[in-house]
2 protein chains.
Amino acid sequence: MTEPLTIALDAMGGDNAPRIVVKGAALARIRHPNVRFLLFGDEMKIQPLLKRKPKLRKIVSLIHTDKVVPSDMKPSLALRQGRGSSMWEAINAVSDGKAGAAVSAGNTGALMAMAKLSLGTLPGIDRPAIAAFFPTMRGESVMLDLGANVECDANNLVQFAVMGEVFARTVLGTQQPTIGLLNVGEEPVKGRDAVKTASTILRNTRLPIKFEGFVEGDDIAAGTVDVIVTDGFTGNIALKTAEGTARLLREFVRQAFKSSFIAKIGFFLARSALRKMQVRTDPRRYNGAMFLGLNGIAVKSHGGTDALGFANAIGVAIDLAAGGFNDRIKEEFGRLSETADTKPQAAAS
Amino acid sequence: MTEPLTIALDAMGGDNAPRIVVKGAALARIRHPNVRFLLFGDEMKIQPLLKRKPKLRKIVSLIHTDKVVPSDMKPSLALRQGRGSSMWEAINAVSDGKAGAAVSAGNTGALMAMAKLSLGTLPGIDRPAIAAFFPTMRGESVMLDLGANVECDANNLVQFAVMGEVFARTVLGTQQPTIGLLNVGEEPVKGRDAVKTASTILRNTRLPIKFEGFVEGDDIAAGTVDVIVTDGFTGNIALKTAEGTARLLREFVRQAFKSSFIAKIGFFLARSALRKMQVRTDPRRYNGAMFLGLNGIAVKSHGGTDALGFANAIGVAIDLAAGGFNDRIKEEFGRLSETADTKPQAAAS
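Residues numbered from 1 in each chain as written. Chains lettered and ligands numbered in written order. Predicted model: local features only at pLDDT ≥ 70, side-chain atom pairs only at ≥ 80, totals over all residues. Heavy atoms only, no water.

1. Section: the overall build of chain A
Stated formally: The numbering of helices and of strands both runs from the N terminus, where a helix is a DSSP run of H or I of at least 4 residues and a strand a run of E of at least 2. Using C-alpha atoms as the atom set, the radius of gyration is obtained and then compared with a globule rule of 2.2 Å times the number of residues to the power 0.38.
Counting its secondary structure elements, chain A contains 14 helices and 11 strands. Here the C-alpha radius of gyration of chain A, 21 Å, is about what a compact globule of 349 residues would show, namely 20 Å. In terms of overall dimensions, chain A has C-alpha extents of about 65 × 60 × 40 Å along its principal axes.

Have a look at this one:
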């Protein structure tokens, strides 16, 4: 990475914007010395924050925007009323070629709608998907879709599998990522029709992907496969169920240590080891959901994250832009359309 | 509970049958002094086990069966070939009125198919569902369906809500259980059509149930509502995702304590407090999934559980039989059909 890389930031998106966006950019600058930022948002609010970060200021171009997309605005309304907003301009910087990627902690639905409209989908992709990575027994895995599409057919799932495979190679650096379809059982007769048909297509594809068949909910944390493919309804619920369960377990551990004087001493002695565990499951570490399948890179940060989490989302954007993620996706889909495996009739064979 | 209560046990179902079934029955006998058992299975294998449990032997009637339903047999085949098996006879003991409930750790799909055929569904119920309870921040909650129906329409979900409400009252003793529909967001516009329609029906029902609207994946462990309603595909994946995440977190805690000498001492001091935490999240404690909506009580134990887990599944069966669970369900559905709220046209109003 000797070439400077420009990232567009929606400075006004998220619960604690623009403060955590500026702080997150400052953290990301230290980790990625070649990065430059385009910052879109309210000059009056951002200037004072930048004053405190002179090193960051040198690599930032601040572009004033008046409008902010509210976090509860419907995507269709955001498309009509959101032109000129900080989110809109950050996405547009990517489609105009001024930035290699955009990052926002704002309204997910609005960001996806704007990104679709402004960037367009890649050839061969019917619907973009949201992907993120998370900790497992074996390291880290990727799951998609996490909420962009509540209903998916077999071809959508097949496309997600191919995109997820390239994502795992680019962001996690996995050489030959394994892929599993999330289902209610491992036997081929089980589950919904779309999942069964997608499995048949993936089993018969001539693409060089390692499809392992069906996986179940407990395979997500076990790390049985590198890429978990599912529809946006199931994926969103699985991700949030995992987050909620992790929170519950951490609370139970906390209560256990507070339950007696001896246990408190035990905690005192073990605290640095436990802190390492906290770091391993820290949701900020896994912040940065990627919108896959678009003709440009857009990364969504958790709305409630802090500076560290936002810096990690910027890191994901940088990895994707520097790794030539979209060129690889295009290549794979070029091969896929040559073999015509995504067409529904292939399922019947 | 002064009346003796008879429970039919499939002694041959599960990974470690009949050993853990006999041991589990012995444990359950201590907790529930009025219980009697009908034990169905291979006499040659069960007699030697019973010899070691003289107190259990006094309250057991052993009925020999030759056949066992394999764990990977398709439900349709199990229905044709499974007659006379230990599973079949245990279920039949309930439909014949010889037992108040049946418990099996065998093939879930086969058990559901046999239970449907032999017991029949309750009036007003189109499809039975699988329900279980689990630990949360606030105590315990119930979730259904956990895998009986991979596709569900709005009316199925409404029926699950009513059954789940009665289940929470009977097994958890919750006075006025709150109900939530699992979805990808809390806003009414989000999610799948079946979920949105079910929400409209439940909002307008005249039944005295406390419907709280949509809940998300992280609300499961948070305990936001007492009853989580979802289709069998999503429910199965959410349950297994939670189990897998809990396993991952426990492993991370274990690794943290092994990471240094000081941490090991900390663990030594905190071990009894940590053991309490392990007990709180012990899957055996939450063993015993109920088949709701059948004209008789059938409880499914985890196939891989041990004697303690199997005893807990027997405990669930006893609670349901002694609490008059099915009579209460019939009552609620009587009221529901009076108000005609489950009919699809109600959704449009």
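What follows picks up the thread again.
2. Quick look at the sheet that holds strand S10 (residues 289–292) of chain A
All names here are of chain A. Stated precisely, the cut-off is as follows: For two strands to be treated as a pair, DSSP must find at least two bridges joining them. Each axis is a line fitted through C-alpha atoms, and for a helix only the stretch in contact is used; angles between axes span 0 to 180 degrees, taken between their N-to-C directions. In what follows, residue pairs with any heavy atoms lying within 4.5 Å of each other are defined as contacts.
Read across the open sheet, the 11 strands follow the order S3-S2-S1-S4-S11-S10-S5-S6-S9-S7-S8; overall the sheet is mixed. Either end of the sheet is taken by a strand with one partner, and the two such strands are strand S3 (60–64) and strand S8 (210–215). Within this sheet the neighbouring strands show an average axis-to-axis angle of 25 degrees, counted without direction. Across the face of the sheet, helix H7 (residues 154–172) comes into contact with strand S5 (129–136), strand S6 (139–144), strand S7 (178–182), strand S9 (227–229) and S10 while running at roughly 150 degrees to S6.

3. As for the side chain of Lys300 of chain A
Stated precisely, the cut-off is as follows: Each residue is assigned to one of three classes by its accessible area relative to the maximum for its type, calculated with a 1.4 Å probe on protein chains only: buried under 20%, partly exposed between the two thresholds, exposed over 50%. Under this rule, positive means Lys or Arg and negative means Asp or Glu; His and the chain ends count for nothing. We count a salt bridge whenever a side-chain nitrogen from Lys or Arg sits within 4 Å of a carboxyl oxygen from Asp or Glu.
Within the secondary structure, Lys300 of chain A is located in strand S11 (residues 298–300). Although Lys300 of chain A lies buried, it forms no salt bridge, and the closest oppositely charged side chain, Asp15 of chain A, sits 8.2 Å away as judged by the N-O distance.

4. Description of the relation of the copies chain A and chain B
Our working definition: What sets the superposition is a least-squares fit of C-alpha atoms, and only residues with pLDDT of at least 70 in both copies go into it.
Rotating chain A by 180 degrees and translating it 0.0 Å along the rotation axis places it on chain B, where the RMSD comes to 0.0 Å. These values place the two chain copies in the arrangement generated by a two-fold rotation axis. Scanning chain A for the C-alpha nearest the rotation axis identifies Gly266 of chain A, at a separation of 1.9 Å. Mapped onto chain B, 100% of the interface residues of chain A are again interface residues, and the two copies thus contact each other with one and the same surface.

5. Side note on the interface of chain A and chain B
The criterion, for reference: Defined in terms of a 1.4 Å probe, buried area is the accessible area two parts forfeit on being brought together, summed over both. Polar contact is defined as a pair of N or O atoms within 3.5 Å, subject to the rule that within protein one atom must be able to donate a hydrogen and the other to accept it, and that residues adjacent in sequence are counted only when both atoms are side-chain atoms.
Contacts between the two partners involve 53 residues from chain A, matched on the other side by 53 residues from chain B. Buried surface at the junction of chain A and chain B, summed over both partners, amounts to about 4900 Å²; 74% is from carbon and sulfur atoms. Contact with chain B buries surface across chain A, with Arg192, Phe233 and Phe252 of chain A losing the most and accounting together for 15% of the total. Counting across the chain A and chain B interface gives six salt bridges. Across the chain A-chain B interface, the total number found is eight residue pairs in polar contact (both at pLDDT 80 or more). For the side of chain A that touches chain B, the secondary structure elements donating two or more residues are S5, helix H9 (217–222), helix H10 (232–258) and helix H11 (261–280) of chain A.

6. So, the sheet that holds strand S10 (residues 289–292) of chain B
Residues and elements named next belong to chain B. Pairing is mixed across the open sheet formed by 11 strands, whose spatial order is S3-S2-S1-S4-S11-S10-S5-S6-S9-S7-S8. Sheet topology places strand S3 (60–64) and strand S8 (210–215) at the edges, where each strand pairs with a single neighbour. For this sheet, the mean angle separating the axes of adjacent strands, direction not counted, is 25 degrees. Sheet topology note: the S10/strand S11 (residues 298–300) ladder contains two bridges and is antiparallel. Bridging from a neighbouring strand, Met290 pairs with Val299 of S11. The sheet strands contacting helix H2 (residues 43–51) are strand S2 (35–41) and S3, and the helix crosses S3 at an angle near 160 degrees.

7. Brief notes about the packing of helix H10 (residues 232–258) of chain B against helix H11 (residues 261–280) of chain B
For any two helices packed against each other, one specifies the inter-axial angle together with the distance between the axes. Residue and element names in this part refer to chain B. Rules: Each angle receives one of four descriptions, namely roughly parallel if under 35 degrees, roughly antiparallel if over 145, roughly perpendicular if within 65 to 115, and oblique otherwise. Ten residue types, Ala, Val, Leu, Ile, Met, Phe, Trp, Tyr, Cys and Pro, are classed as nonpolar, four, Asp, Glu, Lys and Arg, as charged, and the remainder, Gly among them, as polar.
Their axes nearest at 9 Å, the elements H10 and H11 cross at an angle of 155 degrees. If you check the angle between H10 and H11, you find them roughly antiparallel. Here Arg250, Ala256, Phe257 and Lys258 of H10 come into contact with H11, specifically with Ala263, Lys264, Gly266, Phe267, Leu274, Met277 and Gln278. A class-by-class count of the residues in the contact of H10 with H11 yields six nonpolar, two polar and three charged.

8. Points about the confidence of the model for chain A
The predicted coordinates ought not to be read in detail in places where the model reports low pLDDT. All names here are of chain A. Just so we agree on the cut-off: You can read pLDDT as the predictor saying how much it trusts each residue, on a scale of 0 to 100.
With 95% of its residues at a pLDDT of 70 or more, chain A has an overall mean of 89. For chain A, the element scoring lowest by mean pLDDT is helix H14 (residues 345–348), at 39; S9 scores highest, at 98. A low-confidence stretch, residues 340–349 (pLDDT under 50), is modelled with 18 contacts involving residues beyond four sequence positions or located in other chains.

9. Things to note about the environment of Gly139 of chain A
Residue and element names in this part refer to chain A. Examined against the element boundaries, Gly139 turns out to sit in strand S6. Looking at Gly139, the relative accessible area reads 32%, which means it is partly exposed. A sequence separation of 33 residues divides Gly139 from Leu172, and the C-alpha atoms of the two residues are 9.7 Å apart.

10. Brief notes about the pattern of salt bridges
Tallying each qualifying case throughout the model produces 12 salt bridges over all chains. A salt bridge links Glu151 of chain A to Arg192 of chain B; its shortest N-O distance comes to 3.8 Å. With Glu151 of chain A in the loop between S6 and H7 and Arg192 of chain B in the loop between strand S7 (178–182) and helix H8 (193–204), this pair bridges two chains. A residue is classified by how much of its surface remains accessible, and Glu151 of chain A, at 42% relative accessible area, is partly exposed. In this structure, the salt-bridge partner of Glu251 of chain B is Arg254 of chain B, at a minimum N-O distance of 3.1 Å.

11. Examining the pairing of S6 of chain A
All names here are of chain A. In this structure, S5 lies alongside S6, joined through six bridges in antiparallel fashion. The residue of S6 that forms the bridge with Thr136 is Gly139. Where S5 folds back onto S6 in an antiparallel hairpin, the turn is made up of two residues. Taken together, the three bridges between S6 and S9 define a ladder with parallel strand orientation. Looking at S9, one finds that Leu144 is bridged to Val229.

12. Here we look at the packing of aromatic side chains
Put simply, the test is: Two aromatic rings, drawn from Phe, Tyr or Trp (for Trp, its six-membered ring), form a pair once their centres lie within 6.5 Å of each other, and the interplanar angle then sorts them: stacked below 30 degrees, edge-to-face above 60, tilted otherwise.
What the rule picks out here adds up to three aromatic pairs over all chains. Geometrically, the ring pair formed by Phe167 of chain A and Phe325 of chain A is edge-to-face, given 6.0 Å between the ring centres and 85 degrees between the ring planes. Highlighted residues: Phe167 of chain A in helix H7 and Phe325 of chain A in helix H13 (residues 325–339), separated in sequence by 158 residues. Residue Phe167 of chain A is classed as buried on the basis of its relative accessible area of 0%. Residues Phe257 of chain A and Phe257 of chain B carry aromatic rings whose centres are separated by 6.0 Å and whose planes lie at 45 degrees to one another, so their mutual orientation is tilted. Here Phe257 of chain A is found in helix H10, whereas its partner Phe257 of chain B is found in helix H10 on a different chain. Each member of the pair, Phe257 of chain A as well as Phe257 of chain B, carries the same accessibility label: buried.

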